[in-house]
Amino acid sequence: MSTRRKPPSGLGPRTADRHELYQTAVQRPTVMIGFIEELFEMVRGREPMVLREDFCGTAFLSATWVRSLPGRRAVGVDNDQDVLAWAERMNRQSLGGEAEQLRLVCDDVMAVDAPADVGVSLNFSHWVYHERKQLLAYLKHAHACIEPGGLFVCDAFGGPASMQPCLDERPFGGFKYQWEQVSYDPITGNIRCAIHFKFRNGGVMKNAFEYDWRMWTLPEIAELLTEAGFGEIGVYFESEDGFIADIEEVEYEAWVAYVVALRD
Ligand SMILES: C[S@@+](CC[C@H](N)C(=O)[O-])C[C@H]1O[C@@H](n2cnc3c(N)ncnc32)[C@H](O)[C@@H]1O
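A quick note: this is a predicted structure, and the numbers were derived from the prediction, not measured. (Residues numbered from 1 in each chain as written. Predicted model: local features only at pLDDT ≥ 70, side-chain atom pairs only at ≥ 80, totals over all residues.)

1. With respect to the overall build of the protein chain
Alright, step 1. Assigned secondary structure in the protein chain consists of six helices and 12 strands.
Alright, step 2. Compactness check: the protein chain gives a C-alpha radius of gyration of 19 Å against a globular reference of 18 Å for 264 residues, within 12% of the reference.
Alright, step 3. Within the span of the protein chain, comprising 264 residues, buried residues form 32% of the whole.
Alright, step 4. Sequence separation of at least 24 residues holds for 66% of the intrachain contacts in the protein chain that already meet a minimum separation of 6. (Helix = DSSP H or I, 4+ residues; strand = E, 2+ residues; numbered from the N terminus. Rg over C-alpha atoms; globule rule 2.2 N^0.38 Å. Buried ≥ 20, exposed ≤ 12 C-beta atoms within 10 Å, placed from the backbone. Contact = placed C-beta atoms within 7 Å.)

2. So, the nonpolar core
Alright, step 1. Counting 52 residues, the largest nonpolar core has A59 and V259 as the members making the most contacts within it.
Alright, step 2. L11, Y22, F175 and I195 belong to the second largest nonpolar core, which has eight residues in total. (Core = buried A, V, L, I, M, F, W, Y, C linked by C-beta atoms within 7 Å.)

3. Observations concerning the domain arrangement of the protein chain
Alright, step 1. By domain assignment, the protein chain separates into domain 1 (18-158 + 215-262) and domain 2 (161-211).
Alright, step 2. Here domain 1 and domain 2 have C-alpha centroids that lie 22 Å from each other.
Alright, step 3. Residue-level contacts link 11 residues of domain 1 with 14 residues of domain 2.
Alright, step 4. When residues of the side of domain 1 that touches domain 2 are traced back to their parent elements, those giving at least two are α1 (18-26) and β5 (146-158).
Alright, step 5. In terms of residue count, the dominant contributor to the side of domain 1 that touches domain 2 is α1 (five residues).
Alright, step 6. In terms of residue class, the side of domain 1 that touches domain 2 is made up of six nonpolar, three polar and two charged. (Domains from an automatic or database assignment. Nonpolar A, V, L, I, M, F, W, Y, C, P; charged D, E, K, R; others polar.)

4. Some words on the site of the ligand
Alright, step 1. Around the ligand lies a shell of 16 residues, among which F55, G57, N79, D80 and N123 are the nearest.
Alright, step 2. For the shell around the ligand, the class distribution of residues is eight nonpolar, five polar and three charged. (Near = placed C-beta within 6 Å.)

5. Structural notes on the packing of helix α5 (residues 132-145) against helix α6 (residues 218-227)
Alright, step 1. At a closest axis distance of 9 Å, the pairing of α5 and α6 adopts a crossing angle of 50°. Classified by the interaxial angle, the pair formed by α5 and α6 is oblique. For the element pair α5 and α6, the recorded crossing hand is right-handed. Contacts between α5 and α6 involve L135, L136 and L139 on the former and, on the latter, L224, L225 and E227.
Alright, step 2. The class makeup of the residues in the contact of α5 with α6 is five nonpolar, no polar and one charged. (Axes fitted to C-alpha atoms, helices over the stretch in contact; angles between N-to-C directions. Parallel < 35°, antiparallel > 145°, perpendicular 65-115°, else oblique. Left-handed = near helix turned anticlockwise from the far one by under 90°.)

6. Focus on the pairing of strand β2 (residues 73-78)
Within a regular strand, side chains alternate between the sheet's two faces.
Alright, step 1. Here β2 lies mainly inside the structure; five of its six residues are buried.
Alright, step 2. In this view, the connection linking strand β1 (residues 50-54) to its parallel neighbour β2 by way of helix α3 (residues 60-68) has right-handed handedness.
Alright, step 3. Bridge count between β2 and strand β3 (residues 102-106): five bridges; the pairing is parallel. Within β3, the position partnered with D78 by the bridge is C106.
Alright, step 4. A crossover links β2 with its parallel partner β3, the connecting element being helix α4 (residues 81-92), and its sense is right-handed. (Right-handed = clockwise from strand over helix to strand, strands pointing away. Pairing = 2+ DSSP bridges.)

7. What to know about the sheet that holds strand β6 (residues 166-172)
Alright, step 1. The four strands lie next to each other as β6-β7-β8-β9, forming an open sheet whose pairing is antiparallel. In the strand order of this sheet, the two ends are held by β6 and β9 (204-214), each with one partner. Adjacent strand axes in the sheet meet at a mean angle of 15° when their direction is disregarded.
Alright, step 2. In the sheet, strand β8 (residues 190-199) pairs with β9 via eight bridges, with the strands oriented antiparallel. Looking across to β9, one finds that R192 is bridged to D212.

This is the structure we're talking about:
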């Protein structure tokens, strides 16, 4: 009789792809594109055509953007060659005839000048900058890359519950997504977070993604956007009913917000 153990059945830490799990659990690109379209229509009265996705990771948003309307183009920028290879294989090539409309650039976001109607930095990517002068330099660069009449969207989270260690869990088909706030330093604003995935078979993919960020507040981000040259700034909070601007309805303990800045 063989003593070799059978491989675990179904999804598990060895068989699952962390980028696929991330896309399923974290990203809702069609919702984000609907939000951008609504904003653009409201302030500019037309459809945005070119997206610049800074810190694009798997470029799921960029690929969905290209698919969302004929003629749309996107540029995704990330400095991690591995994640961009995944983006190329899983998201750009699957665009088929429209693949040429998505350009993936492996470089520092500050080194890429590609112009766009809409620039985004999502899932708190710009929190990689710990110093004020670094974030300001990035926002100035984002401003320079967005065409006049365009807009920039970046996100932030906050509330008292986000300033302490915690573990949130959400179930998906075949796995659970865990968001861990590992530590928060009130002196520097440094926050360390991690994403883990738990599987039905008991396995865990621990620290599938790890983040070492500075937690920036909404007034700090708004001030820096203004200093970087942007015009009017709006803040919209995530809610079960979509994106809301009414502070009375925001879940005070823990919120996620999108800061929208107009490029005059
Ligand atoms: C938090 S992930 C966000 C991925 C994606 N934007 C999303 O919404 O899920 C941040 C990404 O930024 C990339 N990154 C970090 N610093 C960068 C830099 N200076 N220039 C370009 N990419 C960078 C990382 O490789 C990582 O893929």
